[in-house]
Every structure is written in structure tokens, then in C-alpha cells.
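Here's the letter readout for the chains.
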Amino acid sequence: MQRRPLIAGNWKMHTTLTEARALAEAVARSAADVEGRDVMIAPPFTALAEVSLALRGSTVQLAAQNVCWVEQGAFTGEISPVMLSSLGCGAAIVGHSERRHIFGESDALINKRIKGAMALGVMPLFCVGETLEERDGGNTFLVLESQLRLGLADIVCNDPARLIVAYEPVWAIGTGKTATTGQAQEAHAFIRDILASLFEKSVAGQIRILYGGSVNSDNVDILMAEPDVDGALVGGASLKPESFHRIIHFQGKTA
Ligand code: PGA
């Protein structure tokens, strides 16, 4: 069975409510004719309810940019999986490099978020990736393996539709410097091997692995042509309706 490609837009800390609504409507129009692939957007928390309404009747899926691990309680500043579900938001980015590096989120914290989200019915989009220093030091695979093993510790995943992994080399995020197709494929194949050591082989073979880091309308086709690149997590280019339109209409792979 083939993995169904997924293009996800990470809006980060962008868009007011009005801008979010307009952008979501543009994405819904863009996605109206796409077949054999999934489209997802992750607006800021403040716009989730509005975007959820704007996406009614469209196939575009909604994700949050982070998620807490419990249903409710004294967790100032956090948003629970149940709150997300109540908005029609079924997925959440977890472990994004900006959360790791700017806000100091540890592998242990990320593991809690992933576990809690999965237990409460929200699909984590789990990000891993090495810094430039780690790559230059020859430590890319060590870093990826450690982030994967710690982030997915004690997690049971029997259903590949409940987890997505994103490979996002930190040096490629927001820099305009994309990984080469060879670098992306090599990392994705490695990630899949690690997943196969954690879960059933058949499950690992079906978990989608997205590439993220300066994906744009010019490089999406060649990245998507790699066998283990199942989709893209798009930051900057997802804020521009024409670019995102072209990205979700990437040429080549379908399911
Ligand atoms: P970018 O961001 O496409 O702007 O590099 C990707 C991401 O951080 O998810």
C-alpha cells in the first residue's frame, strides 16, 4: 500500500483573525480539486476556531502548533487535546525546532506531549532534525535517532494513521537553504528504519514522513519524487496563497 502524500502548512506566529480567515479560505479553494493527497494547515491557536469554520465543507485538515498532554487542569498557557478536538482540530505539531531551541522543550517534554495527544485522540506531527553544527560534526544520525527514541519512548503505535513524523533540518528552516534530495531521502530512510525498530515493520512502513525546511514551489516536485518523502511541512511559503497553491499541486507522486 502506498502512503498518501500530505502537504501541511505551518503558519507559526503569523496572521490576525481576519488574515487567517482569508488565508484559510484561499487554501480551501486551492485544495478543492486536489486528489490522492491530504492538505493540512496549522494556524496559531487564536485562529483555530475561525479557521475551523472557514474550512467547513472542505477537505483541508486542521492542526495546532503544539498540544498539552492532559485533558484539563492547572497548566497556564497550554491547550489540551480535548480543547483541540472540540474545534474540529485533529492534529498538532509537536517538537518543532523552534519549540526545542527558543523555548527549551526537552525530548522528555515532547514525549509527554506526543503520548498525551495520542491517548486523547489528537494526531501528533512529530518534528525531528539536526542543527548545522550537528550535521557538520557528523552527528546527524545520532541526533535523529536520539530524538526519535526519546520522543517516542513508551509509545505504542499500531495504527500508522495516528502519527506523522517530520524531518526538519534546523539549518534549512526559514533560511532558504533546502536539504538536497539526497540528504532528505537518506534522513527519511534512516527515520523509517528507527520507526521499524520501535513499532511493527508494517506500521513503520505506513507512517508518513514529511520533509520541512524552505520548501517552496520550485523545489517541492524534486523533494516529493524521493521514495521516502511522503509530504512537506511548509512554513514561509504556506503564508503565500499562490505558493501554497502550487505546492499542494506538486507534480508526481500520488496515492
Ligand atoms: P520554512 O519552515 O518552510 O519557512 O523553512 C518550515 C517549518 O518550520 O516547519
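Residues numbered from 1 in each chain as written. Predicted model: local features only at pLDDT ≥ 70, side-chain atom pairs only at ≥ 80, totals over all residues. Heavy atoms only, no water.

Turning our eyes to something else, we now look at the overall build of the protein chain. Of regular secondary structure, the protein chain possesses 11 helices and 8 strands. The C-alpha radius of gyration computed for the protein chain amounts to 17 Å, which stays within 12% of the reference 18 Å derived for 255 residues, consistent with globular compactness. Overall size of the protein chain, expressed as C-alpha extent along the three principal axes, is 45 × 45 × 35 Å. Looking at the protein chain residue by residue over its 255 residues, the buried ones come to 52%. Taking the intrachain contacts of the protein chain between residues at least 6 apart in sequence as the baseline, contacts between residues at least 24 apart amount to 72%. As displayed, the protein chain offers around 11100 Å² of accessible surface, 54% of which is attributable to carbon and sulfur atoms. (Helix = DSSP H or I, 4+ residues; strand = E, 2+ residues; numbered from the N terminus. Rg over C-alpha atoms; globule rule 2.2 N^0.38 Å. Buried < 20%, exposed > 50% of the residue type's maximum accessible area, 1.4 Å probe, protein only. Contact = heavy atoms within 4.5 Å. Areas by Shrake-Rupley, 256 points an atom, 1.4 Å probe, with all protein chains shown as cover.)

In this section: the nonpolar core. Formed by 66 residues in total, the largest nonpolar core has its most connected members in I41, V51, L152, I191, L195, F199 and Y211. Non-local contacts of I191, meaning those with residues more than four positions away in its chain, are made with V128, L144, L148, V165, Y167 and I209. (Core = buried A, V, L, I, M, F, W, Y, C linked by side-chain atoms within 4.5 Å.)

This brings us to the packing of helix 7 (residues 140–151) against helix 8 (residues 181–198). Where helix 7 contacts helix 8, the axes come no closer than 10 Å and their chain directions differ by 40 degrees. Crossing handedness for the pair helix 7 and helix 8: right-handed. From helix 7, F141, L144, E145, L148 and R149 reach across to helix 8, where they touch E186, A187, F190, I191, I194, S197 and L198. Across the contact of helix 7 with helix 8, the residue classes break down as 8 nonpolar, 1 polar and 3 charged. (Axes fitted to C-alpha atoms, helices over the stretch in contact; angles between N-to-C directions. Left-handed = near helix turned anticlockwise from the far one by under 90°. Nonpolar A, V, L, I, M, F, W, Y, C, P; charged D, E, K, R; others polar.)

Looking at where T131 falls in the secondary structure, it is placed in the loop between strand 5 (123–128) and helix 6 (132–136). The contact partners of T131, leaving out residues within four places of it in the chain, are H101, V170 and W171.

We now examine the site of the ligand. Taken together, 13 residues sit near the ligand, with K12, H96, E168, G174 and S214 positioned nearest. Here an oxygen atom of the ligand sits 2.7 Å away from a polar atom, N or O, in the side chain of H96. Between the ligand and the protein, one listed contact pairs an oxygen atom with a backbone N or O atom of G235 at 2.8 Å. Taken atom by atom, the bulk of the ligand overlaps the second largest pocket. (Near = heavy atom within 4 Å. Polar contact = N/O pair within 3.5 Å; in protein donor to acceptor, adjacent residues only side chain to side chain. 1 Å grid on protein atoms, 1.4 Å probe; cavity = no way out; pocket = protein on both sides within 12 Å on 5 of 7 lines; lining within 4 Å. Sits in = over half its atoms within 2 Å of the grid points.)

What follows concerns the packing of aromatic side chains. Counting across every chain of the model gives 3 aromatic pairs. Seen from their ring centres, W69 and F75 are 5.8 Å apart, and the 80 degrees between their planes marks the pair as edge-to-face. Taking 6.3 Å as the distance between ring centres and 55 degrees as the angle between the ring planes, the aromatic pair formed by Y167 and Y211 counts as tilted. With Y167 in strand 6 (residues 164–167) and Y211 in strand 7 (residues 208–212), this residue pair connects regions lying 44 residues apart in the sequence. Each member of the pair Y167 and Y211 is classed as buried. The ring centre of F250 lies 3.6 Å from the NZ or CZ of R37, which sits over that ring. Residue placement shows R99 over the ring face of F103; its charged tip is 4.0 Å from the ring centre. (Phe/Tyr/Trp six-rings, centres within 6.5 Å; stacked < 30°, edge-to-face > 60°. Lys NZ or Arg CZ within 6 Å of the ring centre and 35° of its normal.)

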